[in-house]
Amino acid sequence: MSFQKKILLKYATDNGFPNPTFFIDDGVSGVTFDRPGWNEMIRLAEAGKVKTVIVKDMSRMGRDYLKVGYYTESFFAERDIRYIAINDGVDSDKGDNDFTPFRNLFNDNLE
């Protein structure tokens, strides 16, 4: 099991998220949102089968800050999907985090 997956599983277990499903895009750059695991998660979200999205940090979701912002601020919110970025202290159930847009912009420049 990868280090990242262990972090996510521990968080899910410790915080009452039973039976997590992992969407993995090993070997595919976060610059693109056309990734098999991501596409499957979005398909399930559109079908109303996703309640919470948990990532290790925001850069794991993607590197395009405009698209990350769209998903975190619009797509997930419109579908009442909770979004958590563990290492960034982001949890949509706890309100806005003033640093989130800056993290997105920084992550956009990583690649």
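Caption draft 1: Representation of the overall build of the protein in the model. If you tally the helices and strands in the protein, you get 5 helices and 3 strands. Sequence-ordered secondary structure for the protein, helices as α and strands as β, is α-α-β-α-α-β-β-α. Burial analysis of the protein (111 residues in total) assigns 36% to the buried set. For the protein, contacts bridging at least 24 residues in sequence account for 62% of all contacts bridging at least 6.

Caption draft 2: Molecular detail of helix α2 (residues 36-46). Within the sequence span of α2, burial applies to Gly37, Trp38, Met41, Ile42, Leu44 and Ala45. Buried residues of α2, seen end-on, are gathered within an arc of 160° and therefore sit on one face of the element. Turned more than 90 degrees from where α2 packs its buried face, Pro36 and Glu46 sit exposed. For α2, the elements touching its buried residues are β1 (52-55), α3 (58-61) and α4 (65-78). Just downstream of α2 lies Gly48, where phi reads positive at about 80°.

Caption draft 3: How the structure looks around the nonpolar core. Formed by 19 residues in total, the largest nonpolar core has its most connected members in Trp38, Val53, Met61, Tyr71, Phe76 and Tyr83. Looking at this core, the elements that each hand over two or more residues are α2, β1, α3, α4 and β2 (82-85). Considering every element that reaches this core, the biggest residue donor is α2, with 5 residues. Not counting chain neighbours up to four residues away, the residues in contact with Trp38 comprise Asp25, Phe33, Met61, Tyr71 and Phe76.

The rules behind the values
Residues numbered from 1 in each chain as written. Predicted model: local features only at pLDDT ≥ 70, side-chain atom pairs only at ≥ 80, totals over all residues. Heavy atoms only, no water. Helix = DSSP H or I, 4+ residues; strand = E, 2+ residues; numbered from the N terminus. Buried < 20%, exposed > 50% of the residue type's maximum accessible area, 1.4 Å probe, protein only. Contact = heavy atoms within 4.5 Å. Arc of directions from axis to C-beta. Core = buried A, V, L, I, M, F, W, Y, C linked by side-chain atoms within 4.5 Å.

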